[in-house]
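# Coordinate analysis (summary)
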Amino acid sequence: MAMRKVAVVGAGMTKFMRRAQETGRELAFQASRMALDSCEMTLDDIDAVALGTAPDAFDGLHMKGEYLSDGAGAWHKPYMRCYVGGGTGVFAAIQGWYHVASGLFDTCLVVCEEKMSSCMPHPQGAFLTIFDHTTERALKPNLIWIFALEMNRYMTMHGIEKKDIALVAVKNKRNALDHPCAQLAANITVEDVLNSEVLAWPVQRLDISPTSDGAVAIVMAAEHVAKRITDKPAWVRGVGWSLDTAYWTSRDLYYPKYVEYAARMAYDMAGITEPRKEIHVVEPYDPFDYKELHHLEGLLLADKGDAPRLTAEGVTARDGNMPVCPSGGMLGVGNPIAAAGLMKISEIFWQLRGEAGKRQVPGQPKTGLAQSWGDLMQVGCVMILGV
Amino acid sequence: MSLVERITTSADAKVWYDNIPIESLYTVGIAGEKFFRAIKDRGVIMGSVCPSCNLTYLPPMMYCERCLAELEEWVEVGTKGTVHTYTVVGVSLEGEPLEQPEILALIKVEGAHGGLVHRLGEVKPEDVEIGMPVEAVFKPKKGREGSILDIEHFKPV
Ligand SMILES: [Zn+2]
């Protein structure tokens, strides 16, 4: 299968915030405009648009893809909206990639938007209906509840303590202090996490990312166009995505096998045989602190149950051997679902180009990985960029 | 034989009712703030202008969908327009006959791209025509809330 080389050539993002005055389409516009400006392109230079956004219920608008299309620059262009829950941000970029890799288009603008503050009293009202309505919904499940089940299983299988996991929240919220778009940057301690309100044991308030409003956009281009636009294209070296069974009670939960499948697909495409040596900076999906650890293991960047040790030893710190979530992640920057995943790709883009400012990891990283996760704890999406 | 053929009333099957328990809180947005403030405070209708594309957006947009420029120029588009098309609504959303049929029209304003959907008032359904000039009738100022319903209806000029 002949695929063309594709690069990310531009990126832009709005602030992530608790409640935006902007409408969803205005947020999408702001991110799109910034992404185009970052690589001195105009809308005329864009051949197609890929949009990612989570449930319509969040924004209180059905046909949200159609609603957001003009702000995303899709007027009179081939346009496609995708949605795989929390996995959407990286999945949308994968769509942008194959729009261009296939040879169908030379450029693609990828836009992800979320306005969760519209959803009252809380987005959990919408999440209630992602569960099976015959066997589960009567128990009033919410996301925190099932993540608590998963986190407990992960901790128990490996003998991990809460204080080992809390280090991730401490690291990411601190990293976010250097992110101009961050919503929940803070200097907190492990004790702060352990003393925060218990929502559903073992999940406590400071283990979780916030709900947010925000948008992110990137520009992707085929090789001949990318080289004309910039002397620092970030090449898409590999992509992967995989979906586990929707019958989630049949999974073990302590290990995200689907993330491993997605990662293996991406590593194979990128020709990466030793990911722990060849991946220099990582942005795994971290809506909860334990998820960063869980995902590092699924991505084969840590042995099963060993990610907490890497964190404790500083390996995953911004100046460590394998920086993880140097952006501040979703725990620190915020979690406007689809936009948060694309923020991770943008961060890798900026890190590889040496444009991450105070967040820049040392050592001129050559290869980075972004991953998102979603649907009913079942989809893994991976993109590897390289310079 | 499928279930549909065997069970003729839903009471014979195990069914239940439930809902998605959410309400939505909307913001009018950056462009919407200016648009509705002008209606509420001054009783005027504003559009936003893209000079490069030579378009005046109504309802106004914060950006031009054709070139993605941020729109900084705003103009009053006046309160008069013409009926571009219309319908006479005879039943409510619930399917009940309306005592007073409602006339809904797409009103285009000269010089503006787009238009407003609104009710027509002070006119009988049989007297409405496409191309008819109409004008906005605003609620009294103290009753206005910054909503599209601050315009009560459009009436024939
Ligand atoms: Zn324009």
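Attention in this report is confined to the structure presented alongside it.

Rules and cut-offs
Residues numbered from 1 in each chain as written. Chains lettered and ligands numbered in written order. Predicted model: local features only at pLDDT ≥ 70, side-chain atom pairs only at ≥ 80, totals over all residues. Heavy atoms only, no water. Helix = DSSP H or I, 4+ residues; strand = E, 2+ residues; numbered from the N terminus. Contact = heavy atoms within 4.5 Å. Areas by Shrake-Rupley, 256 points an atom, 1.4 Å probe, with all protein chains shown as cover. Lys, Arg positive; Asp, Glu negative; His and termini not counted. Charge placed at Lys NZ, Arg CZ, Asp CG, Glu CD. Rg over C-alpha atoms; globule rule 2.2 N^0.38 Å. Buried < 20%, exposed > 50% of the residue type's maximum accessible area, 1.4 Å probe, protein only. Buried area = accessible area lost by both parts, 1.4 Å probe. Salt bridge = Lys/Arg side-chain N within 4 Å of Asp/Glu carboxyl O. Polar contact = N/O pair within 3.5 Å; in protein donor to acceptor, adjacent residues only side chain to side chain. Nonpolar A, V, L, I, M, F, W, Y, C, P; charged D, E, K, R; others polar. Donors = N, O, S within 2.8 Å, 3.2 Å for Na, K, Ca; no water. Tetrahedral: all angles 85-135°; square planar, octahedral: opposite > 155°, others 65-115°. Pairing = 2+ DSSP bridges. Axes fitted to C-alpha atoms, helices over the stretch in contact; angles between N-to-C directions. Patch = residues over 30% accessible without salt bridge, like charges linked within 9 Å, V, L, I, M, F, W, Y side chains within 5 Å.

All right, on to the overall build of chain A then. Helices and strands together make up the secondary structure of chain A, namely 15 helices and 12 strands. Counting only C-alpha atoms and orienting by the principal axes, one finds that chain A spans roughly 55 × 45 × 40 Å. Put simply, 76% of the contacts in chain A that link residues at least 6 apart link residues at least 24 apart. For chain A, the exposed area adds up to about 13700 Å²; of that, 53% sits on carbon and sulfur atoms. Each charge class in chain A was averaged separately, 38 positive and 45 negative side chains, and the resulting centres sit 1 Å apart.

Looking only at helices and strands, one finds 2 helices and 10 strands in chain B. Secondary structure elements of chain B occur, N-terminal to C-terminal, as α-β-α-β-β-β-β-β-β-β-β-β. Here the C-alpha radius of gyration of chain B, 21 Å, is well above what a compact globule of 157 residues would show, namely 15 Å. Considering only C-alpha atoms, chain B reaches an extent of 65 × 40 × 35 Å along its principal axes. Expressed as a percentage of the 157 residues in chain B, the buried residues total 34%. Summed over its atoms, the accessible surface of chain B is roughly 9900 Å², and 53% of this surface lies on carbon and sulfur atoms. If the 16 positive side-chain charges of chain B are averaged to one point and the 24 negative ones to another, these points end up 6 Å apart.

Our focus in this paragraph is the interface of chain A and chain B. Counting residues at the interface gives 34 residues for chain A, matched by 26 residues for chain B. Carbon and sulfur atoms supply 61% of the area that chain A and chain B bury against each other, a total of about 2400 Å² over both sides. Three residues, Q21(A), F29(A) and W75(A), lead the burial of chain A against chain B; their summed loss comes to 25% of the area buried on that side. Where chain A meets chain B, there are 1 salt bridge. Where chain A meets chain B, there are 14 residue pairs in polar contact (both at pLDDT 80 or more). Breaking the side of chain A that touches chain B down by element, the ones donating at least two residues are α1 (24-38), α2 (56-59), β5 (119-120) and α5 (124-127) of chain A. For the side of chain A that touches chain B, the class distribution of residues is 11 nonpolar, 14 polar and 9 charged.

Here we take up the coordination of the zinc ion. Ideal donor angles around a metal are set by the shape: a four-donor tetrahedron calls for 109.5 degrees, a six-donor octahedron for 90 or 180 degrees. Residues and elements named next belong to chain B. Bound to the zinc ion on the protein side are C50 (SG), C53 (SG), C64 (SG) and C67 (SG), at distances that span 2.3 Å. Around the zinc ion sit 4 donor atoms, and with donor-metal-donor angles ranging over 105 to 113° the site reads as tetrahedral. Read in sequence order, the donor residues coordinating the zinc ion give the pattern C-x2-C-x10-C-x2-C.

By definition, the strands of a sheet pair up through backbone hydrogen bonds, in either a parallel or an antiparallel sense. Residue and element names in this part refer to chain A. The strand order across the open sheet formed by 9 strands is β3-β2-β4-β8-β1-β9-β12-β11-β10, and the pairing between neighbours is mixed. If you trace the sheet from one side to the other, it starts and ends with β3 (79-82) and β10 (281-283), each paired once. Averaged over neighbouring strand pairs, the angle between their axes works out to 25° when direction is ignored. Sheet topology note: the strand β11 (residues 367-374)/strand β12 (residues 379-386) ladder contains 8 bridges and is antiparallel. In the sheet register, Q371 faces β12, and the bridge partner there is V382. Across the sheet, helix α10 (residues 257-270) touches β9 (234-243), β11 and β12, and the angle it forms with β9 is around 150°.

Once that is clear, we can look at a nonpolar patch on the surface. Residue and element names in this part refer to chain A. There is a patch of nonpolar side chains on the surface, built from L139, W145 and L149 and spanning about 290 Å² of accessible area. When you line up the elements, L139 lands in the loop between α5 and α6 (143-158). Among the residues examined, L139 registers a relative accessible area of 56% and is labelled exposed.

A few words on the environment of R353(A). All names here are of chain A. Checked against the element boundaries, R353 lands in the loop between α15 (337-352) and β11. Residue classification places R353 among the buried positions, given a relative accessible area of 11%. In this structure, the C-alpha to C-alpha distance between R353 and V387, residues 34 residues apart in sequence, is 7.7 Å. Excluding residues that lie within four positions of it along the chain, R353 makes contacts with V9, T230, K232 and P233.

We now examine the pattern of salt bridges. Pairing between side chains of opposite charge can happen when their charged atoms approach one another. One pass over the structure, following the stated rule, counts 33 salt bridges over all chains. In this structure, a network of salt bridges that share partners links the residues K5(A), E223(A) and K227(A).

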